[in-house]
Amino acid sequence: MTVITRFAPSPTGKIHIGNLRPALINWLYARAEGGQFMLRIDDTDLERSKEEYVDGIKADLTWLGLTWDFEARQSTRFDKYDAVVENLKAEGRLYPCYETADELDRKRKRQMSRGLPPVYDRAALDMTDEERAELEAEGRKPHWRFKLEDRSVVWTDLVRGEQSIEASSLSDPILIREDGSYLYTLPSVIDDIEFKVSHVIRGEDHVANTGAQIQIFEALGAQAPVFAHHNLLVGKEGEGLSKRLGSLSISSFREDGIEAMAVVSHAASIGSSNPIVPHQTTETIFKEFAFEKLSRSPAKFDVAELELINAKLLHETEFSVVQTRLAELGIEGAEAFWDAVRGNIEKFEDVKLWWKVVNGPIDPVIEDAEFCAKALSVLPEGPYDETSWGTFTKAVKEATGAKGKALFQPLRLSLTGQPHGPELKALLPLIGPDRAAGRLKGEVV
Ligand code: GLU
């Protein structure tokens, strides 16, 4: 079987950390299996769907490296859906209902107060032609429900194992709204059939939909795809993420200077038994991916953890990987520089500070001018290499009697203007003898 997966976002908002996971898992699985990954834009809701969100979704996926093999847009496929609808109506599987939202709400409340599940009672099926005609004459428009067969629906879920849902525990799903617009349920099935989607991988909030959709696949004479429902994300205290999703968008991470591979590494391992560690490339992520490793319980998302992965990723990144990006910042041919500072940055942009520290001008911090003058008197001549710092500090220790923090901190403050930072053993050769001497004298160089 050729594996074909799809990511099917509705372009009514940005991709955030919650819906990135289905995108990533679908992509990973298709790539790991040598299959194809489809991007399907679920824009049947013409009012809420926006072109800017379509563009944003594509830009985010591209930035993350989640490239798709082909693409479809539901808004261009209404004639296909309409044709299927005509057949379903003719077969009596799609039936018109006239209840208003308020009426349905009252029904549900009554059922619940009697301890019954709030399942639609199919009252519309008992209506006579005259009753329907009367409502239509009043200007009422029907919505259309798919008639489920009263039997259990079973499937083997790649994450949740054997699943069984009694169709009688589900309301007949509404497929078409009063205004004639489609809910996602039917177009999704029609598209999954047409594009030969082999695996539907999505969040576990869709489990009940799967029960209904499997019956729709069958009603359309197709075999249902394999399903996998992954766990959902919650906040670090277990709270729902829905209200905060705006600030957890992929574009906001990008603007905050988080690396694409940090986002991918984190999203690929959160909620699974894989350790959350940075991956330099997706190759190693493919090797680790397995549905069985996904947990059944919600996964806690903490932005601090993502930032930590980002820093670790940068610490482990080789010069060749960032050479072009450094050059774009005007930092050319700077392998020794990158190796000196990468362990001390949290975001890539932090290199700008250290480039300035190395090349100046900076304001040296001189807390004890006498100490710095003594240090200057024993500053070795250049050129410097990785042994120079050791030679220098040994001489300063002899000249001043200072040791430990009292020795190193004033030297760091005057040579870099910063209280913390990369090892001076690596920085001193980059700063060089002239700037070092000037800074020990308090000069802005
Ligand atoms: N557009 C649907 C959603 O975003 C797709 C669900 C699915 O993967 O089937 O929830």
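Per chain, the residues get numbers from 1 upward, laid out in the order the sequence is written. Owing to the predicted nature of the model, reporting of local features is limited to residues with pLDDT of at least 70; listing and counting of side-chain atom pairs is limited to 80 or more, with chain, interface and lining totals taken over all residues. As a rule here, side-chain values come from all non-hydrogen atoms in the structure, and water together with hydrogens is ignored.

The next subject is the overall build of the chain. Scanning the chain from N- to C-terminus turns up 18 helices and 12 strands. Our radius of gyration looks at C-alpha atoms and nothing else; its globule reference is 2.2 Å times the residue count to the power 0.38. A compact globule built from 445 residues should have a C-alpha radius of gyration of about 22 Å, whereas the chain, at 31 Å, is more than 25% larger. Categorising residues by exposure relies on relative accessible area from a 1.4 Å probe, with only protein chains included: less than 20% of the type maximum marks a residue as buried, more than 50% marks it as exposed, and the intermediate range marks it as partly exposed. Among the 445 residues that make up the chain, the fraction classed as buried is 48%. For this analysis, residues touch if any pair of their heavy atoms sits within 4.5 Å. For the chain, the share of sequence-separated contacts (at least 6 apart) that also reach a separation of at least 24 residues comes to 74%. Under the convention used here, Asp and Glu are negative, Lys and Arg are positive, and both His and the chain ends fall outside the count. By convention, the charge on Lys lies at NZ, on Arg at CZ, on Asp at CG and on Glu at CD. Taking the average location of the 54 positive side-chain charges in the chain and that of its 72 negative ones, the two points are 3 Å from each other. A run of H or I in DSSP counts as a helix once it spans at least four residues, and a run of E counts as a strand once it spans at least two, with each numbered from the N terminus.

Throughout, the term near means that a residue has one or more heavy atoms lying within 4 Å of the molecule or strand in question. Looking at the ligand, the residues that line it are R6, A8, S10, D42, Y184, S188, R202 and H206. A distance of 2.7 Å separates a nitrogen atom of the ligand from a polar atom in the backbone of A8. N or O atoms within 3.5 Å of each other form a polar contact, as long as, within protein, one can give a hydrogen and the other can take it, and as long as residues adjacent in sequence are counted only when both atoms are side-chain atoms. Between a nitrogen atom of the ligand and a side-chain N or O atom of S10, the distance comes to 3.5 Å. In this description, accessible areas are obtained by the Shrake-Rupley approach with a 1.4 Å probe, and a residue is regarded as covered only by the protein chains that are shown. Summarising the interface, the protein chains cover 78% of the accessible area of the ligand, which totals 300 Å² for the free molecule. In this classification, the charged set is Asp, Glu, Lys and Arg, the nonpolar set is Ala, Val, Leu, Ile, Met, Phe, Trp, Tyr, Cys and Pro, and all remaining amino acids, among them Gly, are polar. Its residues placed into classes, the shell around the ligand shows 2 nonpolar, 3 polar and 3 charged.

Moving on, we come to the sheet that holds strand β5 (residues 143-146). Hydrogen bonds between backbone groups are what pair the strands of a sheet, and the pairing can be parallel or antiparallel. The pairing criterion is simple: DSSP has to find at least two bridges between the two strands. In spatial order, the strands read β4-β5-β8; together these 3 strands make up an open sheet with antiparallel pairing. A strand with exactly one partner marks an edge of an open sheet, and here the two such strands are β4 (94-97) and β8 (174-176). When strand polarity is set aside, the average angle formed by the axes of neighbouring strands in this sheet is 45°. Convention adopted: a line fitted to C-alpha atoms gives each axis, helices being fitted over their contacting stretch, and angles between N-to-C directions are expressed from 0 to 180 degrees.

Alignment of strand β6 (residues 152-157) against strand β7 (residues 161-166), held across 6 bridges, turns out to be antiparallel. When the bridges of β7 are listed, D157 appears paired with G161. The hairpin turn running from β6 into β7, its antiparallel successor, is 3 residues long.

A few words now on the nonpolar core. By convention a nonpolar core is built from buried Ala, Val, Leu, Ile, Met, Phe, Trp, Tyr and Cys residues, the set being connected through side-chain atoms within 4.5 Å. If you look at the biggest cluster of nonpolar residues, it comprises 48 residues, and the most contacted ones within it are L20, F253, F291 and F301. Sorting the residues of this core by element identifies α1 (17-32), β2 (36-41), α2 (51-64), α8 (250-255), α9 (260-269), α10 (282-288), β12 (299-301) and α11 (303-315) as the ones contributing at least two each. Here the element with the most residues in this core is α1; it accounts for 9 residues. Once residues within four sequence positions are removed from consideration, F301 is found in contact with I17, L233, V234, G235, K236, L241, L248, F253, H266, I270 and L306.

Next up on the list: the pattern of salt bridges. Any carboxyl oxygen of Asp or Glu within 4 Å of a side-chain nitrogen of Lys or Arg constitutes a salt bridge here. Under the defined criterion, the tally for this structure stands at 28 salt bridges. In this structure, the salt-bridge partner of K107 is D121, at a minimum N-O distance of 3.0 Å. With K107 in helix α4 (residues 101-113) and D121 in the loop between α4 and α5 (129-137), this residue pair connects regions lying 14 residues apart in the sequence. For D121, a relative accessible area of 41% translates into the label partly exposed. One salt-bridge network, in which partners are shared between bridges, spans R6, R40, D42 and D192.

This brings us to the packing of α1 against α9. Put simply, α1 and α9 touch, their axes get as near as 9 Å, and they point 85° apart. By the criterion of interaxial angle, the relationship of α1 to α9 is roughly perpendicular. In this structure, α1 uses L20, R21, L24 and L28 to contact α9, whose residues at the interface are V263, V264, A267 and A268. For the contact of α1 with α9, the residue count by class is 7 nonpolar, no polar and 1 charged. Angle categories: roughly parallel below 35 degrees, roughly antiparallel above 145, roughly perpendicular from 65 to 115, and oblique for all the rest.

Let us look at helix α16 (residues 388-400). Since the α-helix turns once every 3.6 residues, residues separated by three or four places project in the same direction. A helix's residues, less one, multiplied by 1.5 Å, set its expected span. In this model, α16 (13 residues) spans 18 Å end to end at C-alpha, consistent with the 18 Å of a helix rising 1.5 Å per residue. Residues of α16 that are buried: S388, W389, F392, T393 and V396. Summarising the axial view, the buried residues of α16 lie within an arc of 120°, below the 170-degree limit, and thus occupy one face. For α16, the exposed residues set more than 90 degrees away from the buried face come down to K394 and E398. Considering only its buried residues, α16 is in contact with α15 (369-377), α17 (405-416) and α18 (424-440). Throughout, the arc means the angular range of directions from the helix axis out to the C-beta atoms.

In this description, an aromatic ring pair is defined by two values, namely the gap between the centres and the angle between the planes. Note on aromatic pairs: the rings of Phe, Tyr and Trp (six-membered ring only in Trp) are paired at centre separations within 6.5 Å, and the planes decide the class, stacked below 30 degrees, edge-to-face beyond 60, tilted for the rest. What the rule picks out here adds up to 13 aromatic pairs. With a centroid separation of 5.6 Å and an interplanar angle of 75°, the aromatic rings of Y81 and Y182 are classed as edge-to-face. With a gap of 101 residues between them, Y81 in helix α3 (residues 78-90) and Y182 in the loop between β8 and α6 (185-194) connect regions that are remote in the sequence. Exposure remark for Y182: the relative accessible area of 5% places this residue in the buried category. An angle of 40° between the planes, with centres 6.4 Å apart, marks the rings of F253 and F301 as tilted. Here F301 lies in strand β12 and F253 lies in helix α8, a separation of 48 residues in the sequence. Here F253 and F301 have matching classes, each one buried. Ring-pair connections join several aromatic residues into one group, and the members of that group are Y29, F289 and F291. Only Lys NZ and Arg CZ are tested; either one counts as a charge over a ring when it is within 6 Å of the ring centre and within 35 degrees of the ring normal. The ring of W144 carries the charged tip of K89 above its face, separated from the ring centre by 4.0 Å. Lying across the ring of W63, R254 places its NZ or CZ 5.2 Å from the centre.

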